[in-house]
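Structural features, examined
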Amino acid sequence: MIIESILANTVMMSTPLMIGALAEVFVERTGVMNIAIEGTFLIGAWAGFVGTYMTGSLVLGLVSAVLAGLLTGALYGYITVYLKQHQIVTGTAINILAPGLALYLYRVFFGVPLLPLQVDLLPTIAIPVLSDLPVVGKAFFNQNILTYLAFALIAAGFWVLFRTRTGLILRSTGANPEAVDAAGINVERVRFGTVLFSSAMDGLAGAFYSLGFLGLFTENIIGGRGWIAFAICFLGNWNPAGVLVGALVFGLADALSIVIRTSGVVAIPNEFVIAFPYIVTIIATIARRRFNVPAYLGISYVKEGR
Amino acid sequence: MSRRMRIFLALFPVWSVFLGLALSGAMLLLLNLNPFYVYGRMVTYAFRDMYNFADIFAKAAPLILTGLAFGFAFRAFLFNIGAQGQFYIGCLATVSCALYLDTLPGIILLPLCFAASALAAGAWGSLIGFAKARFGANEFLISLMSTYVAVAIMNYLIRGPLIESKGEYPQTDVIAPQAIIPKLIPHTRLHWGFVVALLVAALAWFILWKTTLGFQIRAVGMNKDSARYAGIREKRIFVLVFLISGAFAGLAGFMEVNGIQHMLVQGFNPYIGAEGIGIAILGNAHPAGIVLAAILFGALKVGGNMVVQTSPVPSSIIGIMEGFVMLSVIFSYYLRRRIIHSLEKKRLRREEKEEQP
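First, a word on scope: everything that follows refers to the structure included in this document. Note that this is a predicted model, so its numbers are computed, not measured.

1. Concerning the interface of chain A and chain B
Residue-level contacts link 33 residues of chain A with 36 residues of chain B. The set of elements that each furnish at least two residues to the side of chain A that touches chain B consists of α4 (87–110), α10 (225–235) and α12 (270–287) of chain A. If one sorts the elements of the side of chain A that touches chain B by residue count, α4(A) sits on top with 15 residues. Residues belonging to the side of chain A that touches chain B are distributed by class as follows: 23 nonpolar, eight polar and two charged.

What follows is the structure, given as structure tokens:
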């Protein structure tokens, strides 16, 4: 019983991490680190909530989250790809701006409500027969639409990245931009486009927290989970398969912390459980010897003779 | 380049601050607030009396230090984005010192708190440098994660061993009066810590530009490979830079705990690390620039807080101002480079023409 609930929570909590980390894999494969991921998650959570609350439709909520992510990505991509400014610096600026902007616009839309505004959660979709399977049924076949989408995205992402021409271009843009340029492909356009795509996905991942988990919006709704997705991309060795494993491990840590908090078992201090995923990340970052870092990660592409 | 042009370009960060404030002002229109009125109020409040004016510098003191924490490491092209965690470790060290050694006289206790916060946070930071030097680990990722671990340690200690004697709220007892940094101006919150922060900034400048170590740090920052060929042991530099950088952030904790709060409250000042990054960028990672940028952020905070308390302007506007100012500063660096580039091109073309008869 408890194992079933932990497993279900694990898969649920790993959903946004899967989407966000996969998005990060794509963008980093082209040589751009999306440092604004934490802020984009938050903007997505905000836009998803506001869109749903204003229209009463979860679908429109998800659409607004994607659009808001896209806008954030356009800003980040324009400054880093076209203006060639430093990615960490630009991302930090957006991460400072995002909470201020989200809270401020919440106020613009809703004033100061006495009780926190709430929306209905994304409904869980039970897949007939399969959802009745013991132990794994609830975890894998009784989740909301975003969870199914996340698994589909991982599979599709793997296929696109390693089996298609688009994937080859994406990977080459991060590994050898000169060659891509020589082949007549516009490096900046590939990078900007991928930043847009990954930011839109980050927006969707953020919306999971407001629409799939809490049903409301708060300032610290993301609380560093965008950074966890960022780290999973590293630890998963820039590979969608690695992302799947990484996201499930961190989802498990999140799920355990929920179970420990709600069941009142205080054998371990709660803080340790909260810190656990971060400690795992640090150890894994240190222990991981062979990294598959895209050669031009974080370096702007400047055409010669400009 | 003409003298006037050079001054115009040097003042670019100033123009961009105004641009950032203008963008935030446009946001105020969404709440039907008049930006000129709000900014006018901010300025009048910040300069209304000695208390508020002095508060700008009281707020700037820890920001100078977290700005230095990022800026110093940035000179070695290392990314210490864990200043928030190092700040909390510094807070914990100084508050433990002040609470457990409260029988000591101030003349011993205060330097002890100072040293404890710098050493603890420096040691914490140097672990990041060590992980990079020994295992080739990514310092960006590790410093990022270390903040969350530091927050967990702080929450655990504040809910447990360090909790106030009443045991009601997650905060410590008030520290002994002799552990409080003396006031610089009486009846304000401005304390001698501001002067100490200025001295630390001067020290950072001295290390970077007047010592061999500083030369090595900047050499590693400019080109790691050529620095290695020149015989600089870069691994030693990684550890030392993170040690010093962490110590700066830890001292910010000393300023806040012993200078302003006089206790440690769970999760206070959660953006001081990120603001430090903004300040370091605005100040071009130069100690003098960082001091000026920190004073600007201090003024935004004091003016912003007063407006928020006395009018319907929400406090989130402060984050918006900081974010927009940062973005426009980044934009201005791009623009300045473009202008210098095209001026240079023009000059070359002119010279070419002059050479050909």
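2. As for the packing of helix α5 (residues 83–100) of chain B against helix α11 (residues 234–261) of chain B
The description of two helices packed together rests on the angle between their axes and the distance between the axes. Residues and elements named next belong to chain B. For the pair α5 and α11, the least separation of the axes is 7 Å and the interaxial angle reads 50 degrees. As summarised for this structure, α5 and α11 are arranged oblique, according to the angle between their axes. Seen from above, α5 lies across α11 with right-handed handedness. Residues Ala 83, Gln 86, Phe 87, Tyr 88, Ile 89, Gly 90, Cys 91, Ala 93, Thr 94, Val 95 and Ala 98 of α5 touch α11, and the partners they reach there are Gly 246, Ala 249, Gly 250, Leu 251, Ala 252, Gly 253, Phe 254, Glu 256, Val 257 and Asn 258. Here the residues of the contact of α5 with α11 sort into 13 nonpolar, seven polar and one charged.

3. A look at helix α4 (residues 50–75) of chain B
Residue and element names in this part refer to chain B. With 26 residues, α4 should reach 38 Å at 1.5 Å per residue; the first-to-last C-alpha distance of 36 Å fits that figure. A maximum bend of about 30 degrees is found in α4 at Ala 60, where proline Pro 62 lies one to four positions downstream. For α4, the tally of buried residues reaches 22 of 26 residues, placing the bulk of the element in the interior. Positive phi shows up at Phe 77, right after α4, with a value of about 55 degrees.

4. A short note on the nonpolar core
Among the nonpolar cores identified, the biggest contains 208 residues, and A:Leu22, A:Ile232, B:Ile64, B:Leu65 and B:Val241 are the most heavily contacted of them. If one sorts the elements of this core by residue count, α11(B) sits on top with 17 residues. Beyond its immediate chain neighbours, meaning those up to four positions away, B:Val241 contacts B:Phe72, B:Ala73, B:Ala76, B:Leu78, B:Gly129 and B:Ile217. Counting residues in hydrophobic clusters, the runner-up holds seven residues, among them A:Leu7, A:Val11, A:Met12 and A:Ala139.

Rules used throughout
- Residues numbered from 1 in each chain as written.
- Chains lettered and ligands numbered in written order.
- Predicted model: local features only at pLDDT ≥ 70, side-chain atom pairs only at ≥ 80, totals over all residues.
- Contact = placed C-beta atoms within 7 Å.
- Helix = DSSP H or I, 4+ residues; strand = E, 2+ residues; numbered from the N terminus.
- Nonpolar A, V, L, I, M, F, W, Y, C, P; charged D, E, K, R; others polar.
- Axes fitted to C-alpha atoms, helices over the stretch in contact; angles between N-to-C directions.
- Parallel < 35°, antiparallel > 145°, perpendicular 65-115°, else oblique.
- Left-handed = near helix turned anticlockwise from the far one by under 90°.
- Expected span 1.5 Å × (residues − 1).
- Bend = angle between axes of the 7 residues up to and from the residue.
- Buried ≥ 20, exposed ≤ 12 C-beta atoms within 10 Å, placed from the backbone.
- Core = buried A, V, L, I, M, F, W, Y, C linked by C-beta atoms within 7 Å.

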